[in-house]
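Chain by chain, the residues:
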Amino acid sequence: MDRWLRNTNVVRVIAVIIGILLWAVVRMEGTTVTNSTTGGIKELPISNVQITPKYDSDKYYISSIEPSRVQVILKGKDSALKRVSTSEYKVVLDLTKAGGKGEYVLPLEAVGFPSSLQVDIVPRNVKVVVEEQEMKEVPVKINVKGTPQPGYKSGDPIAKPSKVHVTVPASKADEVATVQGEISVDKADSAVTKQVKLKVYNKEGRELPYDIRPAVVDVDVPVTSPFKTVPLQIQLTGNLPPGYSIGSVKQNPDKIMVYGAQNVLDGMDFYSGVTLKIDGLKETKEFTLDIPLQKGVTQIEPTKVQVTVEIVSSIKKEYPGIPLKIVGQAEGTEVKFTDPPNGSITLTLEGAAPQMEAVKPEDIQAIVDVSNLPPGAHELPITLNLPPYIKDGGTQVTKAKVVISAAQTQTESKNPSPTPIPTPTPTQKPDAEGETVPKKEAVTP
């Protein structure tokens, strides 16, 4: 042993080992002082902790908190620090006793930390600006996006409710321009119903971070085939007993919505197909009739119509000197009446008294149709075209005799042939009540 100690190399090695041990001891003691306090207490700094304000959000609005995030320093034993849960603690700014709107410097409060820990908040106080809230009622605007299936159209969206309330600082109420949502009808072939989330926008279209109540609304968008609103035409058929006439015809509705292909709707000025038989009717009566679907029509609204036919006692009146009008005359021919020789007849008409008083001779047409007839003598029926609800009351002359021949030139005849009259298309025109009936009526023997 003495021999080793007298060896300088051994002494040097021992000195190095002792130096290393002393350095390690000093290092360990320094580390303990930095991370711990006396008695094994440690520090745990937590940065970027958000401040949670406590206030009446229905009445007030926090315009700003400076700073909005702080640092929390926890001191305590290692076992206690390890039990700290970020979901349980928070830093609270209590404004319930601040006294309303204004600017304040208030202390922060640590909530939810274990009682065994010391909690320091840096900084301890913050500056806060409080404003009064304002509830602004704003209409809901729904933007419809997308294109329905071919042949279908989307209607105006319906939001329920149609108005919502936006909670906004009183000083910024004018910033709120619209509340909007968006719904898609792309490739839809029926009504679209969805819940839509709303957003607040200013006049420039920038979204604003204000609360909406309710924030979600129910939206319905009708998706239908093309439609058109047209008058509904009722056709009366049959004959009333002698002495009775139609005073008026009222219908409800007088217009209907027709759905179908666009080319079908483009050519539709009115909707027909509803027929009402009035044979033997002697008193006013109400009818409920089905409205049939025409070719190319997929849907109608409504599907029924109510018709009230007023029956009154009729009167008769004679109209002498009504000229017979020739229609359908071929080019290069002339037509002469042989019976009646003067080409006019006396008509006896029947109808309700007020309507008969309004009939004038120019409202009456007595027509003889010579279409597709060869030259020669012909006996032809006389067809009457009368105002609505006026009928033949027993006219004696129901047929006319004509002679058709080749037209003579001006040098061959001083008397030109009668001027051809274009063949009229039987039409229906509205009566005083807005209803329609056939105007063309044939005189029967």
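Remember, predicted model here, so these are calculated numbers, not experimental data.

Draft legend 1. Region of interest: the nonpolar core. Ranked by size, the top nonpolar core spans 27 residues in total, and within it Val72, Leu74, Leu93, Leu95, Leu108 and Val128 carry the most contacts. Secondary-structure elements contributing two or more residues to this core are strand E2 (41-54), strand E3 (60-66), strand E4 (69-76), helix H3 (78-82), strand E5 (90-94), strand E6 (102-107), strand E8 (118-122) and strand E9 (125-145). Leave out the neighbours within four places in its chain, and valine 128 touches Ile62, Ser64, Ile65, Leu93, Leu95, Gly102, Glu103, Tyr104 and Leu106. Counting 26 residues, the second-largest nonpolar core is a separate cluster that includes Ile234, Leu240, Ile291 and Ile311.

Draft legend 2. Layout of the packing of aromatic side chains. Enumeration according to the criterion identifies three aromatic pairs in this entry. Seen in terms of ring centroids, tyrosine 61 and tyrosine 210 are 6.2 Å apart; in terms of plane orientation they differ by 75°. Their pairing is edge-to-face. One end of the pair, tyrosine 61, is in strand E3; the other, tyrosine 210, is in the loop between strand E16 (207-208) and strand E17 (211-213), and 149 residues separate them in sequence.

Draft legend 3. Quick peek at the sheet that holds strand E18 (residues 216-221). An order of E11-E18-E14 is seen for the three strands of this open sheet, with the pairing classed as antiparallel. Every interior strand has two partners, whereas the edge strands, strand E11 (158-160) and strand E14 (192-197), have only one. Within this sheet the neighbouring strands show an average axis-to-axis angle of 30°, counted without direction. Where E14 meets E18, six bridges bridge the pair, whose relative direction is antiparallel. In the sheet register, valine 192 faces E18, and the bridge partner there is valine 221.

Draft legend 4. Up close: the sheet that holds strand E33 (residues 399-406). One open sheet accounts for three strands, arranged E27-E33-E30; its pairing is antiparallel. Each edge of the open sheet carries a strand with a single partner, namely strand E27 (333-339) and strand E30 (376-381). Within this sheet the neighbouring strands show an average axis-to-axis angle of 35°, counted without direction. Two elements, E30 and E33, share six bridges in a ladder whose sense is antiparallel. Pairing of proline 381 across the sheet is with lysine 399, part of E33.

Draft legend 5. Looking closely at the pattern of salt bridges. For the structure shown, the criterion picks out six salt bridges. The shortest N-O distance in the salt bridge between aspartate 78 and lysine 42 comes to 3.9 Å. Of the two residues, aspartate 78 sits in helix H3 while lysine 42 sits in strand E2, which places them 36 residues apart along the sequence. Classification of aspartate 78 by relative accessible area gives partly exposed; the value is 30%.

Draft legend 6. Main features of the environment of isoleucine 382. By the element assignment, isoleucine 382 lies in the loop between E30 and strand E31 (383-385). A residue is classified by how much of its surface remains accessible, and isoleucine 382, at 1% relative accessible area, is buried. Sequence separation of isoleucine 382 and lysine 325 is 57 residues, and the distance between their C-alpha atoms is 9.4 Å.

Draft legend 7. A look at the pairing of strand E29 (residues 365-369). Sheet analysis places strand E26 (residues 304-327) next to E29, joined by four bridges and oriented parallel. Across the sheet, residue lysine 325 finds its bridge partner in E29, namely isoleucine 367. The pairing of E29 with E31 spans three bridges and is classified as antiparallel. Counterpart to glutamine 365 in the pairing with E31 is asparagine 385.

Draft legend 8. Inspection of unusual backbone geometry at higher detail. Here glutamate 66 and proline 67 are connected by a cis peptide whose omega angle stands at -10°. Assignment of secondary structure puts proline 67 in the loop between E3 and E4. Going from aspartate 339 to proline 340, the amide bond is cis rather than trans, its omega being -5°. Not every positive phi belongs to a glycine, and asparagine 48 is a case in point at roughly 60°. With respect to the element layout, asparagine 48 can be found in strand E2.

Draft legend 9. Structural detail: the confidence of the model for the protein. Summary statistics for the protein give a mean pLDDT of 84 and a share of 84% for residues scoring 70 or more. For residues 26-38, every residue scores under 50 in pLDDT, and the model assigns this stretch five contacts once sequence neighbours within four places are set aside.

Draft legend 10. Structural view of the pairing of E5. Examined bridge by bridge, E2 and E5 share four bridges and lie parallel to one another. Among the inter-strand pairings, proline 53 is bridged to a residue of E5, identified as leucine 93. Sheet analysis places E5 next to strand E7 (residues 109-111), joined by three bridges and oriented antiparallel. Within E7, the residue paired with lysine 90 across the bridge is valine 111.

The rules behind the values
- Residues numbered from 1 in each chain as written.
- Predicted model: local features only at pLDDT ≥ 70, side-chain atom pairs only at ≥ 80, totals over all residues.
- Heavy atoms only, no water.
- Core = buried A, V, L, I, M, F, W, Y, C linked by side-chain atoms within 4.5 Å.
- Buried < 20%, exposed > 50% of the residue type's maximum accessible area, 1.4 Å probe, protein only.
- Helix = DSSP H or I, 4+ residues; strand = E, 2+ residues; numbered from the N terminus.
- Contact = heavy atoms within 4.5 Å.
- Phe/Tyr/Trp six-rings, centres within 6.5 Å; stacked < 30°, edge-to-face > 60°.
- Pairing = 2+ DSSP bridges.
- Axes fitted to C-alpha atoms, helices over the stretch in contact; angles between N-to-C directions.
- Salt bridge = Lys/Arg side-chain N within 4 Å of Asp/Glu carboxyl O.
- pLDDT = per-residue confidence, 0-100.

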